[in-house]
Amino acid sequence: MSFDEYCLEQYPSDDSFFYLWRNRPSVIIGLNQNAYSEVNLGYLQAHDIRLARRVTGGGAVYHDLQNLNYTVIGRDASPQPVVDALRSLGVPAELTGRNDIFVDGRKVSGYARRLWRDRQIIHGTLMYDVDLDTLARVLDVPGSKLAVKGIASVKSRVANLKDFLPQFRGLDELQAALQEILAAGDAGLPFDAERRAAVQRLSDAKFSTWDWIYGQSREADLVRSGKLACGTVEARLCLDRGVLTAVAFGGDFLGALPAAQLAQRLAGVRFERAALRETLDAAEVEKYFDGVSAEDLTALLF
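Every chain is numbered independently, its residues counted from 1 as its sequence is written. The predicted nature of this model means local features are confined to residues of pLDDT at least 70 and side-chain atom pairs, given and counted, to a pLDDT of 80 or more, with totals for whole chains, interfaces and linings taken over all residues. Derived side-chain values reflect all non-hydrogen atoms in the structure, with water molecules and hydrogen atoms excluded from consideration.

Novice: Just to check I follow, could you spell out the overall build of the chain for this structure?
Specialist: When helices and strands are tallied, the chain shows 11 helices and 13 strands. Taken along the three principal axes of its C-alpha coordinates, the chain extends 75 × 40 × 30 Å. Using a 1.4 Å probe on the protein chains alone, a residue whose accessible area is under 20% of its type maximum counts as buried, one over 50% counts as exposed, and one in between counts as partly exposed. Sorting the 302 residues of the chain into buried and exposed places 48% on the buried side. By definition, residues are in contact when any of their heavy atoms lie within 4.5 Å. If you take every contact in the chain between residues at least 6 apart in sequence, the share linking residues at least 24 apart comes to 69%. Where accessible areas are quoted, they stem from the Shrake-Rupley method and a 1.4 Å probe; at the residue level, only the protein chains shown are allowed to cover. For the chain, the exposed surface amounts to about 14500 Å²; the carbon and sulfur share of it is 48%. The chain carries 35 positive and 40 negative side-chain charges, and their two centres are separated by 2 Å. Labels follow the DSSP assignment, with helices taken as runs of H or I lasting at least four residues and strands as runs of E lasting at least two, numbered in each case from the N terminus. As used throughout, the charge tally considers Lys and Arg to be positive and Asp and Glu to be negative, leaving His and the chain termini uncounted. All charge positions are set by atom: Lys at NZ, Arg at CZ, Asp at CG, Glu at CD.

In structure tokens form, the structure reads like this:
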């Protein structure tokens, strides 16, 4: 994401240019999305899947090393050359009006766009042999989503390009073919160590921070529920910019003190595991929920 923004805003080229790239398992959410309502954060943490936020709009996407990403930057950037390249390889790809590329009625790519001064960026996915089970799990958020302000992901029937490209033995071959077609004989552009260092500084200062990934999340109301030692507990959580603004507990649980008192202490706390656990440790959770530890309640809320 840092590389994309750097190339859009700072790379000195009057001509359009592109690059192809891959990520290890990760979920990339759109600029206007709520991380808590769009992504199964517990699954990501348990399976070492990275979460990032991009500077373009649209919905959440899953990447792994069998997904090929493309970026096109220029005054008239368009995904059409990618579609044309796929068609030249025998894939009946077509653009849709929803920022997707479809083949035979199934989505193989989603892309997003951003304008900066007189340049724009188009970047998107090309699913070659993506783990579709993991894709479904990372975007399957546990608990009810009552209301969210912002952009929600659109779930589509998806497919892998591998099914349409039997002539290739793997993604490396497809990437090389697309690189050759899209470059059309043009040479590569230089990207030296000084520029790579600038990209890393941008990542450290912006794209890797909690404030960017979680703190940009718009308002959302979520429900978490489960059976604990005290009985069944339901928690309704109101979030804005990654911070709890209100919490309400309900259910058939037992406790010596009113749970509403604990709920008040949670208002203003960052909705991240460490911050929540620290607050609950200091609050003596077992007084509100018989036999329940701070870790038990933290696990329920996440």
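Novice: I tried to follow the pattern of salt bridges on my own but got confused; where do I start?
Specialist: Any two side chains of opposite charge can pair, so long as their charged atoms come close to each other. The term salt bridge refers to a side-chain nitrogen of Lys or Arg lying within 4 Å of a carboxyl oxygen of Asp or Glu. Taken as a whole, this structure holds 16 salt bridges when the rule is applied. We note a salt bridge from Lys 206 to Glu 5, for which the minimum N-O separation is 3.0 Å. Highlighted residues: Lys 206 in helix H7 (residues 193–207) and Glu 5 in helix H1 (residues 2–9), separated in sequence by 201 residues. On the basis of relative accessible area, Glu 5 is assigned to the buried category, the value being 7%.

Novice: Sorry if this is basic, but what is going on with the sheet that holds strand E8 (residues 106–116) here?
Specialist: Whenever strands of a sheet pair, they do so through backbone hydrogen bonds, lying parallel or antiparallel. With antiparallel pairing, the six strands of this open sheet are ordered in space as E1-E5-E9-E8-E7-E6. Each of the sheet's edge strands pairs with one partner strand only, and the pair in question is strand E1 (17–21) and strand E6 (93–95). The sheet shows a mean angle of 20° between the axes of neighbouring strands, taken without regard to direction. Pairing geometry for E1 and strand E5 (residues 67–74), over five bridges, is antiparallel. Considered in E5, the bridge of Tyr 19 is made with Thr 71. Strand contacts of helix H4 (residues 80–88): E5, E6, strand E7 (100–103) and strand E9 (119–127), with the helix running at about 160° to E6, the strand carrying the most contacts. Relative to the sheet, helix H6 (residues 171–183) contacts E1, E5 and E9, its axis offset from that of E1 by approximately 180°. Criterion used throughout: strands pair if DSSP finds at least two bridges between them. In this analysis an axis means a line fitted to C-alpha atoms, helices contributing only their contacting stretch, and an angle means the value between N-to-C directions, from 0 to 180 degrees.

Novice: Before we go on, may I ask you to explain helix H11 (residues 294–301) in this structure?
Specialist: The periodicity of an α-helix, 3.6 residues per turn, causes residues three or four positions apart to be oriented the same way. Inspection of H11 places Ala 294, Leu 297, Thr 298, Leu 300 and Leu 301 among the buried residues, and these make up the whole buried set. When H11 is viewed along its axis, its buried side chains cluster within an angular range of 160° and face the same direction. Buried residues along H11 sit in contact with strand E11 (220–228), strand E12 (231–240), strand E13 (243–251), helix H9 (259–266) and helix H10 (273–283). Directions pointing from the helix axis toward each C-beta atom define the arc.

Novice: Just to check I follow, could you spell out the packing of H10 against H11 for this structure?
Specialist: For any two helices packed against each other, the geometry comes down to the angle between their axes and how far apart the axes lie. With their axes 9 Å apart at the nearest point, H10 and H11 run at an angle of 140° to one another. What the angle tells us is that H10 and H11 run oblique. Handedness of the crossing formed by H10 with H11: right-handed. Contacts from Arg 273, Leu 276, Arg 277, Leu 280 and Asp 281 of H10 reach H11 at Ala 294, Glu 295, Leu 297, Thr 298, Ala 299 and Leu 301. A class-by-class count of the residues in the contact of H10 with H11 yields six nonpolar, one polar and four charged. Reported orientations rely on four angle classes, namely roughly parallel under 35 degrees, roughly antiparallel over 145, roughly perpendicular from 65 to 115, and oblique for the rest. A clockwise turn of the near helix away from the far one marks a right-handed crossing, whereas an anticlockwise turn of less than a right angle marks a left-handed crossing. Throughout, the ten residues Ala, Val, Leu, Ile, Met, Phe, Trp, Tyr, Cys and Pro are labelled nonpolar, Asp, Glu, Lys and Arg are labelled charged, and all others, Gly among them, are labelled polar.

Remember, this is a structural readout, not a statement about activity or role.
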